[in-house]
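# Results of the structural survey
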Amino acid sequence: MASIDLEKMLVKIKNTQWSLADIDWEAPGAELITEEQWPKLKEFMSDLMWIEHVGARAFAAMAKKAPNDTLREIYSYFHAEEQRHANAEMALMKRWGMLEGDEIPEPNINLRLVIEWLDRYADEMPVYVLGTVVPMLEIALDGALCTFLLETVDDPVCHQAFEKINDDESRHLGVGFTVMEMQGHGKTYIKTVQMLAPLLDPRLLLGIASYFPLLNKMRDNVVAMGLPEEKLYAAMNKFEKIGGRTADGRRNPWFQIIRHHARFVVDRSNRAYHVPVDAIVRLTGYIPRRALPAVPSWVKELTYRPAA
Amino acid sequence: MSTVSETRKPRRKAAARKTSSAKRVKSQAEAVVSRSEVLIIGAGFAGLGSAIRLRQQGIDDIVILERATDVGGTWRDNTYPGAACDIPSNLYSFSFAQNPDWSRSFSGGSEILRYVHHLADHYQLRPLVRFEHNVESMQYDEQQGVWRVQTSKGLFEGRSIVMAQGPLSNASLPNITGIEDYQGHKIHSAMWDHDYDFTGKRVAVVGTGASGIQIIPELVRKAGFVKVFQRTPGWVLPRPDFETPGWNKALFRRLPASQDALRKALYLFHESVALGIIWDTPLTGLVERIGRMHLRMQVKDRWLRRQLTPDFRIGCKRVLMSSDYYPALQKENCKLITWPIARLSEKGIRTVEGIEHQFDCIVFATGFDVSHSGTPFPVTGRDGRVLGEEWSGGAQAYKSINVSGYPNLYMTFGPNSGPGHNSALVYMEAQIDYLVRGIQTLRERKLKALDVKPDAQRAFNRDIQRRLAKTNWNSGCKSWYLTEDGFNATMFPGFATQFARQMAEFDMGDYTLSPV
């Protein structure tokens, strides 16, 4: 896959917009969700919806740091599109009777910590850091989870919504990998070291401290729901394959970092990684909710209603 | 400002050419309604100010062509709630016609309009104005040395022309997909519908530029719910607006020198602001800090503050002044939407986050169709040249007022005369005094035409563009000051004092003189 023309991509993005109102959320098919599926699906959808929302916030941060106007506008659209995905997934939950009134599903503690980090520090991060992490999250979690969902849920409205969501996601990934290559283009030794410098930034270290357990927690969650672990790993390997397809991509030091980290995650036998990270997952489970500050107001923008 | 791309122009050029040739043929056959020494187009501040100064110099043979039914220009058209000037009234008025009775430091639109009416009445200008005369085209007759101006009500001739139609006189609706599909009420800020009752209504305001931020607090007071659609947040500085105490008015009446002194002080203060706004200097950081502090003091929520924080250098776009915009956005019945607009639908606005926001009324505070490269009507000069065509790559003039090949034609707010930091009327007065001198010269030297030399115009523009390159306007953000290609045909790169000095000198060596 060659790098894409971002100008053309922006036009395409603008021309392929859709709304929740384009889908008939009352159409028959909701009854195809089995009683057995329902409780697991509720948790699954809630996690999925929050990942989309977290991705949205990351794109908002990237829009602030984008190296040019076109990319800035693309990221502003992606920010809104990820929010649209979260809204559509909430609309599905509403359809399936998984939301009480106007309730927003509660994020798990690890997502909650990531939300807190994004709110405080994401805007300060260089674009190449989030620009590498986000495609990883999208391809691994979004990609694997969405495929799994469509394989297990028969409701045609769900398929209709995810067809649109997947179209958006393929554009997000196309841009994501192109930007990773752009960031790796013509890298000299000095520039590479400069790009790695944020690793010493305590704010980024905090981000890493919330990102690592999130991945393990999500792995545990999806496995509990019946998704074969290998599917998640296959999706993560796809990141390595696509991200490393060109010399520019491979030269991006953040691609190398994320790729190596993905290998740790995939390798269950790597106890040096998984024992401490799993311990953090357990530890974070003890954090009392009330110890956390109030959720940032951007979280309250979520809605399942097609019209407001 | 603003939001959403403005509707533009390329179509206009072709249409203009067509109309122009058609009119040319027509004009030769048609009887002339009126011949005068000076024809002024537009009865706003610039048109009326020109007429006053011309008369003061003994030039009385003036006709003013006005497309509307009253004087007032932009202040007659912009009557939206909250309309006000963001330059203090004592500076936003003519130095030769000061008003000691301004009710506030920043007077509202209706009071400014009353001042314009006062000018028209006090100086007895109304008899000069031909109302409901919309200019359709104009053409220079080189042999006779006169301009023929085709209006909706016949042909007018004038030796000299003052194009004072204003740069911000044509309202523009944004180029949003589906704008025709929306079935609710649509209002443009520059064509306010005073009959529409906002009470209890769901209202959208598209655009958060100079007019948007004035309308929003007023609508929030009245409407049921207001959603504000913002594309790019601007820099908003506090506006110290207060009522003028009675003693102050009395002082100005009894001792006009005190008002002169205040005016001078305001002028110098605004001149100093240029250092922070026009160029990137240490003061720029200071003014930005004031903007950020204003935001921090008025907005407590971190995300909302982020949404309202500009990501361009202050001055690059128009600096906004308001102390009640941020509080209005945080009222219970108001919400800021920063999602990009995908399209308009039958019932409202669909944004990219997938939601259809439904409204009873959409207010477009999306500004004006600023002519960077065209003219509002076809202007044909010597040898059939068409100004819109010559300006297709960006408008250029000599000292913002004359264009080579278009003799005896003067423009107020022509190319590169826009101020970013001081009263537009200071610039306008300098232009008016210049054009009065030109018209006087024509009369005193018994000349047929005064045409600026192309070399002088080229040299002037080289210098202007060189200076513009160093300004904040050309520092990378998109604004209505620039053409799509980033050419700045709008702003003057300097202090108002420098502009006044530029206009104070009438260099005859830069003109070709044609005797009668």
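All values reported here derive from a predicted model rather than from experimental measurement.

### A look at the pattern of salt bridges
Under the counting rule described, the total for this entry stands at 48 salt bridges over all chains. Between Arg-350 of chain B and Asp-22 of chain A there is a salt bridge, with its nearest N and O atoms 3.1 Å apart. Of this pair, Arg-350 of chain B sits in strand E14 (residues 348–351) while Asp-22 of chain A sits in the loop between helix H1 (6–15) and helix H2 (37–65), which puts the two residues in different chains. Classification of Arg-350 of chain B by relative accessible area gives buried; the value is 16%. The exposure class of Asp-22 of chain A is partly exposed, given its relative accessible area of 36%.

### Overview of the domain arrangement of chain B
Residues and elements named next belong to chain B. If you check the domain split of chain B, you get domain 1 (11–71 + 125–168 + 370–509) and domain 2 (185–243 + 249–364). Computed from C-alpha atoms alone, the centre-to-centre distance between domain 1 and domain 2 is 31 Å. Each partner contributes residues to the interface: domain 1 has 20 residues there, and domain 2 has 19 residues. Summing the contributions of domain 1 and of domain 2, the shared interface buries around 1,700 Å²; its carbon and sulfur component is 56%. Contact with domain 2 buries surface across domain 1, with His-421, Asn-472 and Phe-495 losing the most and accounting together for 37% of the total. On the surface where domain 1 and domain 2 come into contact, there are 1 salt bridge. One salt bridge connects Glu-429 with Arg-263, and the closest N-O pair in it is separated by 3.7 Å. Linking domain 1 with domain 2 are 13 residue pairs in polar contact (both at pLDDT 80 or more), by the criterion used here. Within the residue set of the side of domain 1 that touches domain 2, elements represented by two or more residues are helix H12 (424–444) and helix H14 (496–504). In terms of residue count, H14 provides more of the side of domain 1 that touches domain 2 than any other element does, 3 residues in total.

### Structural notes on a nonpolar patch on the surface
Residue and element names in this part refer to chain B. Nonpolar side chains collect at one region of the surface, where Leu-275, Leu-283, Leu-286 and Ile-290 lie side by side and expose about 300 Å² of accessible area between them. Inspection of the secondary structure puts Leu-275 in helix H7 (residues 256–277). Classification of Leu-275 by relative accessible area gives partly exposed; the value is 35%.

### Structural notes on helix H9 (residues 229–243) of chain A
Residue and element names in this part refer to chain A. The first and last C-alpha atoms of H9 sit 22 Å apart over 15 residues, in line with the 21 Å expected at 1.5 Å per residue. Within H9 the residues assigned to the buried category are Glu-229, Leu-232, Tyr-233, Ala-235, Met-236, Phe-239, Glu-240 and Gly-243. Take H9 and look down its axis: the buried residues cluster within an arc of 155°, on one side only. Every exposed residue of H9 that faces more than 90 degrees away from the buried side is listed here: Glu-230 and Lys-241.

### Section: the sheet that holds E14 of chain B
Residues and elements named next belong to chain B. The antiparallel open sheet is built from 3 strands, whose spatial order is E13-E14-E15. Every interior strand has two partners, whereas the edge strands, strand E13 (341–344) and strand E15 (356–358), have only one. Taken over all neighbouring pairs, the strand axes of this sheet differ in orientation by 25° on average, direction set aside. Direction of pairing for E14 relative to E15: antiparallel, over a ladder of 3 bridges. Bridge pairing in E15 places Gly-348 opposite Gln-358.

### Some points on the sheet that holds strand E16 (residues 361–364) of chain B
Residues and elements named next belong to chain B. In space, the 5 strands of this open sheet follow the order E7-E16-E8-E9-E12, with parallel pairing throughout. Lying at the two open borders of the sheet, with one neighbouring strand each, are strand E7 (185–188) and strand E12 (334–337). Neighbour to neighbour, the strand axes of the sheet diverge by 20° on average, direction disregarded. Bridge analysis of strand E8 (residues 202–206) against E16 gives 4 bridges, and the strand direction is parallel. Of the residues in E16, the one forming a bridge with Val-205 is Val-363.

### Looking at the nonpolar core
With 117 residues, the main nonpolar core has Phe-44 and Tyr-75 of chain A as its most contacted residues. Filtering out sequence-adjacent residues up to four positions away, Tyr-75 of chain A remains in contact with Phe-59, Met-62, Ala-63, Ala-66, Val-127, Val-175 and Val-179 of chain A.

### Comments concerning the packing of aromatic side chains
Residues and elements named next belong to chain B. Under the defined criterion, the tally for this structure stands at 28 aromatic pairs over all chains. For the ring pair Trp-102 and Tyr-115, a centre distance of 5.2 Å and an interplane angle of 45° mean the geometry is tilted. Of this pair, Trp-102 sits in the loop between helix H3 (74–77) and helix H4 (109–122) while Tyr-115 is found in helix H4, placing the two residues 13 residues apart along the sequence. Judged by its relative accessible area of 2%, Trp-102 is buried.

### Here we look at the side chain of Arg-95 of chain A
Residue and element names in this part refer to chain A. In this fold, Arg-95 is placed in helix H3 (residues 69–95). At a separation of 2.7 Å, a polar atom in the side chain of Arg-95 contacts the main-chain carbonyl oxygen of Ala-27. When near neighbours in sequence (up to four residues on either side) are disregarded, Arg-95 contacts Asp-24, Trp-25, Glu-26, Ala-27, Pro-28, Gly-29, Ala-30, Asp-155 and Val-157.

Criteria and thresholds
Residues numbered from 1 in each chain as written. Chains lettered and ligands numbered in written order. Predicted model: local features only at pLDDT ≥ 70, side-chain atom pairs only at ≥ 80, totals over all residues. Heavy atoms only, no water. Salt bridge = Lys/Arg side-chain N within 4 Å of Asp/Glu carboxyl O. Helix = DSSP H or I, 4+ residues; strand = E, 2+ residues; numbered from the N terminus. Buried < 20%, exposed > 50% of the residue type's maximum accessible area, 1.4 Å probe, protein only. Domains from an automatic or database assignment. Contact = heavy atoms within 4.5 Å. Buried area = accessible area lost by both parts, 1.4 Å probe. Polar contact = N/O pair within 3.5 Å; in protein donor to acceptor, adjacent residues only side chain to side chain. Patch = residues over 30% accessible without salt bridge, like charges linked within 9 Å, V, L, I, M, F, W, Y side chains within 5 Å. Areas by Shrake-Rupley, 256 points an atom, 1.4 Å probe, with all protein chains shown as cover. Expected span 1.5 Å × (residues − 1). Arc of directions from axis to C-beta. Pairing = 2+ DSSP bridges. Axes fitted to C-alpha atoms, helices over the stretch in contact; angles between N-to-C directions. Core = buried A, V, L, I, M, F, W, Y, C linked by side-chain atoms within 4.5 Å. Phe/Tyr/Trp six-rings, centres within 6.5 Å; stacked < 30°, edge-to-face > 60°.

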